[in-house]
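Listed here are the chains, written in short residue letters.
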Amino acid sequence: MDNENSYYRVFWDEVLNQLRDQLPPQEYELWFGRVSLVSSDESSITVAVPSQFFRDQVKQRYADRIESLLYDLIGRRIVLAFQIVTPDELPNETAENPSGRNDRTPPEVRADEAKPKPQRAPHPELNQSYTFENFVIGTNNSLAANAAVSISRNPRRVSGYNPLLIYGGVGLGKTHLIQSIGNEIHNNFHDMNVTYVTMETFMNEFIHSIQNKKQHSFKTKYRMSDVLLIDDIHIIQKKPETQEELFHTFNALYDSNRQMVFTCDRPVSEIREITDRLRNRFSRGLNVDLQPPSYETRFAIVKKKIENRQVANPNLSVPDKVIEHICQNIRTNVRDLEAALTKIIAYSELVNREVTMEIAQSQLRDFFSPATAAVHVDVIQRIVADYFSLPTHELRGKKRTKAISYPRQLAMYITRELTELSTTEVGQEFGGRDHTTVMHACQRIESRMRTDPTLEPTVQHLNRRIREASSNG
Ligand code: ADP
Ligand code: MG
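Below or above, wherever it landed, is the structure these notes cover. (Residues numbered from 1 in each chain as written. Chains lettered and ligands numbered in written order. Predicted model: local features only at pLDDT ≥ 70, side-chain atom pairs only at ≥ 80, totals over all residues. Heavy atoms only, no water.)

### Comments concerning the packing of aromatic side chains
Under the definition given, this model contains 12 aromatic pairs. Look at Phe202 and Phe218: their rings are 5.3 Å apart centre to centre, the planes differ by 65°, and that puts the pair in the edge-to-face class. Of this pair, Phe202 sits in helix H6 (residues 199-211) while Phe218 sits in helix H7 (residues 215-223), and the two are 16 residues apart along the sequence. Across this residue pair, the class does not change: Phe202 and Phe218 are buried. The aromatic ring of Tyr254 is capped on one face by Arg284, whose charged end is 4.6 Å from the ring centroid. Here the basic side chain of Arg448 rests over the ring of Tyr406, its NZ or CZ set 4.0 Å away from the ring centre. (Phe/Tyr/Trp six-rings, centres within 6.5 Å; stacked < 30°, edge-to-face > 60°. Helix = DSSP H or I, 4+ residues; strand = E, 2+ residues; numbered from the N terminus. Buried < 20%, exposed > 50% of the residue type's maximum accessible area, 1.4 Å probe, protein only. Lys NZ or Arg CZ within 6 Å of the ring centre and 35° of its normal.)

### A look at the packing of helix H16 (residues 402-418) against helix H18 (residues 435-451)
H18 packs onto H16 with a crossing angle of 95° between their chain directions and a minimal axis gap of 8 Å. It follows from the interaxial angle that H16 and H18 lie roughly perpendicular. Here Tyr406, Gln409, Leu410, Met412, Tyr413 and Arg416 of H16 come into contact with H18, specifically with Val438, Ala441, Cys442, Arg444, Ile445, Glu446, Arg448 and Met449. Classifying every residue of the contact of H16 with H18 by side-chain character gives nine nonpolar, one polar and four charged. (Axes fitted to C-alpha atoms, helices over the stretch in contact; angles between N-to-C directions. Parallel < 35°, antiparallel > 145°, perpendicular 65-115°, else oblique. Contact = heavy atoms within 4.5 Å. Nonpolar A, V, L, I, M, F, W, Y, C, P; charged D, E, K, R; others polar.)

### Thoughts on the side chain of Lys305
Its location among the elements puts Lys305 in helix H10 (residues 295-312). Lys305 has contacts with Glu338 and Leu341, leaving out every residue within four places of it along the chain.

### A look at the site of ligand 1
For ligand 1, the set of nearby residues contains 18 residues, the closest of which are Val136, Gly171, Thr175, His176 and Glu338. For ligand 1, an oxygen atom lies 2.7 Å from a polar atom in the backbone of Gly171. Between ligand 1 and Lys305 there is a distance of 2.9 Å, counted from a nitrogen atom to a side-chain nitrogen or oxygen. When isolated, ligand 1 has an accessible area of 560 Å², and the protein chains bury 94% of it. Its residues placed into classes, the shell around ligand 1 shows seven nonpolar, seven polar and four charged. (Near = heavy atom within 4 Å. Polar contact = N/O pair within 3.5 Å; in protein donor to acceptor, adjacent residues only side chain to side chain. Areas by Shrake-Rupley, 256 points an atom, 1.4 Å probe, with all protein chains shown as cover.)

### Re the pairing of strand E7 (residues 259-264)
With six of six residues buried, E7 is to be regarded as a mostly interior element. Residues Gln259, Val261 and Thr263 point to one face of E7 and Met260, Phe262 and Cys264 to the other, with burial holding for every one of them. Here four bridges tie strand E4 (residues 164-167) to E7, and the two strands are oriented parallel to one another. Within E7, the position partnered with Leu165 by the bridge is Phe262. Across four bridges, strand E6 (residues 227-231) lies against E7 in parallel orientation. Each residue of the ladder has a partner; that of Leu228, found in E7, is Met260. Of the crossover connections in this fold, the one passing from E6 over helix H8 (residues 240-255) to the parallel E7 is right-handed. (Pairing = 2+ DSSP bridges. Right-handed = clockwise from strand over helix to strand, strands pointing away.)

Printed below as a string of structure tokens:
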């Protein structure tokens, strides 16, 4: 390009050098490994970034620092501007460059050369709204989110992140993140074949393939994936054949340098009844956790969810006071946060009134009061035992006959629903059982609810009785 531009290139390269010195290598590589100079004029420098998300992050984290470095170098104020150029549009893409390294002079992409990219049909298994743009990053999830972004930028350059395993409790964003990886790669790398399944689907497909003698096409489907994403791998506990199959799938993909991402509701070390060799594969790459969000992050998430709804409903407005009220009271996870917001908005639409603090308070009262109002585990145990005509102490006892273990599982499930006790604490209340026993009990009840239509009303009935008993002291 012109002299002016090469003049600025020297400064830009110097900025990169300084950032490289200042930042941890992984962080530098993540945010600046793929940022390149596009153009410049007297007062600004424009760099190419691969997505809106990327732009927002770089801007938020580094724009001030970069502008002040430029000021020091040039002696006047230069504004940093961004241009979004998706990876397929960049020359020297990883296709001809299998290592994916691009350390030499970054490619020059002039603004007018960056054509809008043809759309790829949405991925049939992925929810379009699970994107990085819609994912709010806080300290509770930043490692996981950064690793996810990093993989999505360079799906061919399989790094130490293979596999990436994201773990954490329910409603903290595991599915959102893993599907964002899928959407991002599917939309930006049109030749790449992204496979997303839940562990449950993987298992069912595997079983069907045996029954229908279609093992070959099952194997082909998974082993032809360029990127394999499996959600909720903890389901694989106690399923030796599926474990065996996944183990071989893993090895085949790993050996041919294909990226894999898994999610799990607990750390790998706490998955029970899986083979050591599979556990070893899961922990081979990078394991990162998701924690419950802080107040500030909850606030930002609720704001974001409201913005998303305003696209369909521009008249929607939710006062900040209401958002504060929601975020102060709902701390458990993002799914509950969203459910609370939905409840308030649904009600205000129903009565055709704006969202007010009164509506929020009245709608949230029964939303969280059962959890926070003192529901005691002894009341739960007494009422559940009563319902099954058992002595209460049996629920805390050692017996594992079906007649007792089912009511016990149900009582544990209800305790998790109605109190804020952790799985560990619930385990203690039920005869000193392990927290994984409690998680298992809750999963059993949840899966039974899906197949047994009478269970949900039973649980509702018990919940009501427990609440009544609790409020009567
Ligand atoms: P998990 O799979 O861990 O149970 P999900 O990914 O299903 O949780 O998340 C539950 C809900 O919370 C989803 O609607 C998701 O979009 C939302 N969510 C979770 N974390 C975030 C976040 N950081 N920013 C925005 N939405 C989030
Ligand atoms: Mg999930």
